[in-house]
Amino acid sequence: MLSSYLENPTNCFFEGQDHDENILLLLRAHPVTNLSWIIPSLLLFLLPYFWPFIVEMLNIQFPPIPQNLVNVLILVNYLIVLVVTFEGFLHWYFNVYILTNKKIVDIDFHSLMFKNVDLAPLSQIQEANSQMAGLLGIIFHYGDVFIQTAGAKVAIDFHQVPNPHKVADKIMDEVLRVGGKGAG
Amino acid sequence: MPANNLPAVDYILIVHLTVLLILIFYAIFALIIVRQVDLMSKTLITPVSPVVKFISIVHAGLSLGFVVLSWGIL
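Residues numbered from 1 in each chain as written. Chains lettered and ligands numbered in written order. Predicted model: local features only at pLDDT ≥ 70, side-chain atom pairs only at ≥ 80, totals over all residues. Heavy atoms only, no water.

Details of unusual backbone geometry
Residues and elements named next belong to chain A. Although it is not a glycine, Gln160 adopts a positive phi angle of roughly 55°. Along the polypeptide, Gln160 turns up in strand 9 (residues 155–162). The class of Gln160 is partly exposed, set by a relative accessible area of 34%. (Helix = DSSP H or I, 4+ residues; strand = E, 2+ residues; numbered from the N terminus. Buried < 20%, exposed > 50% of the residue type's maximum accessible area, 1.4 Å probe, protein only.)

This is the structure in structure tokens:
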């Protein structure tokens, strides 16, 4: 369930899914992309342990702080670690790209207050392009998939998904299967 | 002016109030996260969704508890 590349998941559903609609592919950003919040969380987690050494090394003079205040400051630090970790996980887990036998769905939660769902019927899809870029992308084999639609909305983009070429191919296979115009 | 020239009582009081304010904002933020997770869980339904929802509620409870605890400690 915590995978970033799921083919035919049986126990996943999305809002607005039809009864005769099956999820063929459920994608998330590659797990490596989570390093952008894992590393800061880890550094913040370790900060209280290294704080005395940092203060000593930089030769900073602090006025005496009561122990109860120090305890609360440590607590605040760990709360920040908790929220960065939890928000990072939520952002990764719930930002998904779905290919069904009827359409493509792009669910985005950009921040606490912003939800965006893009839907594109397979019959409206004209082409799918993929690209891998960057050192981590090449090493861990992830990249972006750009899907051109015939509608007013120009494109749906899958960002940092695993196996982007395979995903683009699978999308076009499905488009051809439903006989979408302009496919191929 | 070096920080250790400040009157000790005022300095500690300001830090106390700042920390409490941060914790109160954090508790409000935690409650917003509960709402956000609820919205997310309705959008994408998976076996993990109820677990995440439970964690968010526990997290909000803890953050409210920490406000009370810190008020007591400080």
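Moving on from the model shown.
Focus on the interface of chain A and chain B
Listed by partner, the interface residues are 37 residues for chain A and 34 residues for chain B. Of all residues in chain A, Phe86, Phe94 and Leu112 of chain A give up the largest surface area on contact with chain B, accounting jointly for 19% of the area buried on that side. Our count for the chain A to chain B interface comes out at zero salt bridges. Between the two partners, chain A and chain B, sit five residue pairs in polar contact (both at pLDDT 80 or more). Mapped by element, the contributors of at least two residues to the side of chain A that touches chain B are strand 2 (13–14), helix 2 (67–94), strand 4 (96–100) and strand 5 (103–111) of chain A. At 16 residues, the largest contribution of residues to the side of chain A that touches chain B is made by helix 2 of chain A. For the side of chain A that touches chain B, the residue count by class is 30 nonpolar, three polar and four charged. (Contact = heavy atoms within 4.5 Å. Buried area = accessible area lost by both parts, 1.4 Å probe. Salt bridge = Lys/Arg side-chain N within 4 Å of Asp/Glu carboxyl O. Polar contact = N/O pair within 3.5 Å; in protein donor to acceptor, adjacent residues only side chain to side chain. Nonpolar A, V, L, I, M, F, W, Y, C, P; charged D, E, K, R; others polar.)

Describing the pattern of salt bridges
Side chains carrying opposite charge are able to pair once their charged atoms draw close together. Under the counting rule described, the total for this entry stands at nine salt bridges over all chains. Two residues, Lys103 of chain A and Glu21 of chain A, come together in a salt bridge whose shortest N-O distance is 3.1 Å. Here Lys103 of chain A is found in strand 5, whereas its partner Glu21 of chain A is found in the loop between strand 2 and strand 3 (23–27), with 82 residues between them in sequence. Here the two residues Lys103 of chain A and Glu21 of chain A agree in accessibility, since each one is buried. The salt bridge involving Asp38 of chain B is made with Arg35 of chain B; its shortest N-O contact spans 3.2 Å. A residue pair is termed a helical-turn pair when its members lie 3 or 4 positions apart in one helix, as Asp38 of chain B and Arg35 of chain B do in helix 1 (residues 8–43) at three residues. Where salt bridges share partners, they join Arg35, Asp38, Lys42 and Lys53 of chain B into one cluster.

Quick look at the domain arrangement of chain A
Considered domain by domain, chain A is made up of domain 1 (20–29 + 95–177) and domain 2 (35–90). Taking only C-alpha atoms into account, the centre of domain 1 of chain A sits 38 Å from that of domain 2 of chain A. (Domains from an automatic or database assignment.)

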